[in-house]
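Structural overview for review
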Amino acid sequence: MHTENKGQFVTLEGIEGVGKSSHLPAIRRYFESRGHRVVTTREPGGTPLGERLRQLLLQDKSLQICDDTELMLMFAARAEHLSQVIRPELENGSVVISDRFTDSTFAYQGGGRGLPQDRIAELEHWVQGGLRPDLTLLFDAPVEIALQRAARRSNKDRIEDQELSFFEDVRNCFLRRCQMEPERFVRIDSSRSYDEVEAAVLSALKRRYE
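About the cut-offs
Each residue is numbered by its place in its chain's sequence as written, counting from 1. Whole-chain, interface and lining totals are the exception, using all residues; otherwise, since this is a predicted model, local features are given only for residues with pLDDT of at least 70 and side-chain atom pairs are given and counted only at 80 or more. Water and hydrogen atoms were dropped before computing side-chain values, which therefore reflect all heavy atoms in the structure. Being paired, for any two strands, means DSSP has found at least two bridges between them. Working definition: helices are DSSP H or I runs of at least four residues, strands are E runs of at least two. Numbering for both runs from the N terminus. Angles run from 0 to 180 degrees between N-to-C directions of axes, and those axes are lines fitted to C-alpha atoms, restricted for helices to the stretch in contact. Residue contacts are counted whenever heavy atoms from the two residues lie within 4.5 Å of one another. Whenever a carboxyl oxygen of Asp or Glu lies within 4 Å of a side-chain nitrogen of Lys or Arg, that contact is scored as a salt bridge. Partly exposed residues are those whose accessible area sits between 20% and 50% of the maximum for their type, while under 20% is buried and over 50% is exposed, using a 1.4 Å probe and protein chains only. Aromatic rings from Phe, Tyr and Trp, with only the six-membered ring used for Trp, were paired whenever their centres fell within 6.5 Å, and each pair was classed as stacked if the ring planes differed by under 30 degrees, edge-to-face if by over 60, and tilted otherwise. We count a charge as sitting over a ring when the NZ of a lysine or the CZ of an arginine lies within 6 Å of the ring centre and within 35 degrees of the ring normal. For the purposes of this section, nonpolar cores are sets of buried Ala, Val, Leu, Ile, Met, Phe, Trp, Tyr and Cys residues that join through side-chain atoms within 4.5 Å. Distance and chemistry together define a polar contact, namely a pair of N or O atoms within 3.5 Å, with one atom able to donate a hydrogen and the other to accept it when in protein, and with adjacent residues in sequence counting only for side-chain atoms on both sides. Roughly parallel means an angle under 35 degrees; roughly antiparallel, over 145; roughly perpendicular, 65 to 115; everything else is oblique. Helix crossings fall into two classes, left-handed where the near helix is turned counterclockwise from the far one by less than a right angle and right-handed where it is turned clockwise. Each residue is assigned to one of three groups, with Ala, Val, Leu, Ile, Met, Phe, Trp, Tyr, Cys and Pro labelled nonpolar, Asp, Glu, Lys and Arg labelled charged, and all others, Gly among them, labelled polar. A 1.4 Å probe that fits into a set of points on a 1 Å grid over the protein atoms alone but cannot get out defines a cavity; an open set with protein on both sides within 12 Å along at least five of seven lines defines a pocket, and lining residues are those with an atom within 4 Å of a point. Grid points are joined across faces, edges and corners, and a volume is the space filled by probe spheres set on the points.

1. Structural notes on the sheet that holds strand 1 (residues 8-13)
Each strand in a sheet pairs with another by means of backbone hydrogen bonds, the pair being arranged parallel or else antiparallel. Strands sit in the order 2-3-1-4-5 across an open sheet of 5 strands; the sheet is parallel. Across the chains shown, the open sheet's two edge strands, defined by having one partner strand only, are strand 2 (38-42) and strand 5 (185-189). Along the sheet, successive strands turn relative to each other by an average axial angle of 20°, direction set aside. One ladder, built from 5 bridges, connects strand 4 (residues 135-140) with strand 5; its direction is parallel. Among the inter-strand pairings, Thr136 is bridged to a residue of strand 5, identified as Phe185. Most of the contacts of helix 7 (residues 164-180) go to strand 4, to which it runs at about 140°, and overall it touches strand 1, strand 4 and strand 5.

Okay, structure coming up:
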């Protein structure tokens, strides 16, 4: 957890189709109802440069990007995001809610692509220093269920267009990180109905902040 800022940093994690984005508005309303200024953002993205890098990383399937380049572009977008949005807002006392952060890099580029976790950890330390989320909600569902849901939304992006085994590796990495840091992570069983998942999310927030 970070100790250098006045606000709260909440991140939402999980593979495609688990409902992170769908439940973000309810999380925002929870904090706003308690009188907080809330900023919602996403990764990769969150800044003009970050959104342009997101386009390259996710939407342009014609690009053949090597795994190391993908990793460094993710952290380049994150460095800008931290500088322009996350750190200033936390310093101002805001609640910052980010749809994905560095746990996704460990899971996708580490677990999925197979890049060394210690290499990612070095970049994490370089770009973030001691900054870590205060709370990470891990939306989790079996891969088959999650991908079926994701397929209903839109065409697959560059990273979504992977084999099922890739997402099994990503999910397993998320679950390992959840087990390693139980004080930061809360796993949400998102295989359930929308209302049941929302109730679990609000319960987790109340346990942490009330």
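2. Description of the pattern of salt bridges
Charged atoms that come close allow side chains of opposite charge to pair. The full count for this structure, using the stated rule, is 20 salt bridges. Of the charged contacts in the structure, one is a salt bridge between Glu32 and Arg28, with a shortest N-O distance of 2.9 Å. With Glu32 and Arg28 both in helix 1 (residues 20-33) and 4 residues apart, this pair spans about one turn of that helix. On the accessibility criterion, Glu32 (37% relative accessible area) is partly exposed. Across the salt bridge formed by Arg171 and Asp140, the nearest N and O atoms sit 2.7 Å from each other. On the criterion of sequence distance, the pair formed by Arg171 in helix 7 and Asp140 in strand 4 is long-range, its members being 31 residues apart.

3. Some points on the packing of aromatic side chains
Centre-to-centre distance and the angle between the planes together describe a pair of aromatic rings. In this structure the tally under the stated criterion is 6 aromatic pairs. The interplanar angle of 55° and the centroid separation of 6.1 Å between the aromatic rings of Tyr108 and Phe166 together place this pair among those described as tilted. One end of the pair, Tyr108, is in helix 4 (residues 102-112); the other, Phe166, is in helix 7, and 58 residues separate them in sequence. For the pair Tyr108 and Phe166, one class covers both residues: buried. Lying over the aromatic face of Phe75, Arg78 brings its terminal NZ or CZ to 4.8 Å of the ring centre. Seen from the ring of Phe106, Arg177 lies directly overhead, with NZ or CZ sitting 3.9 Å from the centre.

4. Digging into the nonpolar core
With 40 residues, the main nonpolar core has Phe31, Ile97, Tyr108 and Leu137 as its most contacted residues. Every residue in contact with Phe31, bar those within four places of it in the chain, is listed here: Val10, His36, Val38, Val95, Ile97, Leu205 and Tyr209.

5. Here we look at the side chain of His81
Looking at the secondary structure, you find His81 in helix 3 (residues 67-91). Here the side chain of His81 touches Glu43 through a polar contact of 2.8 Å, side chain to side chain. Leave out the neighbours within four places in its chain, and His81 touches Thr41, Arg42, Glu43, Gly45, Gly46, Thr47, Ile86 and Ser98.

6. Quick look at the packing of helix 3 against helix 5 (residues 117-128)
What describes two packed helices is the angle between their axes and the distance between those same axes. Packing of helix 3 against helix 5 brings their axes to within 10 Å, and their N-to-C directions diverge by 25°. When the axes of helix 3 and helix 5 are compared, the pair comes out roughly parallel. When the axes of helix 3 and helix 5 are compared, the crossing they make is right-handed. Judged by residue contacts, Asp68, Leu71, Phe75, Arg78, Ala79, Leu82 and Arg87 of helix 3 engage Arg119, Ile120, Leu123, Glu124, Val127 and Gln128 from helix 5. Considering only residue class, the contact of helix 3 with helix 5 consists of 7 nonpolar, 1 polar and 5 charged.

7. Some remarks on empty space enclosed by the protein
Overall, the coordinates contain 1 cavity of 30 Å³ or more when judged by the stated rule. For the largest cavity, the calculated volume is near 40 Å³. As for the largest cavity, its lining consists of Phe101, Thr102, Asp103, Glu124, Gln128, Arg132, Pro133, Arg177 and Arg184. For the lining of the largest cavity, a count of residues per class yields 2 nonpolar, 2 polar and 5 charged.

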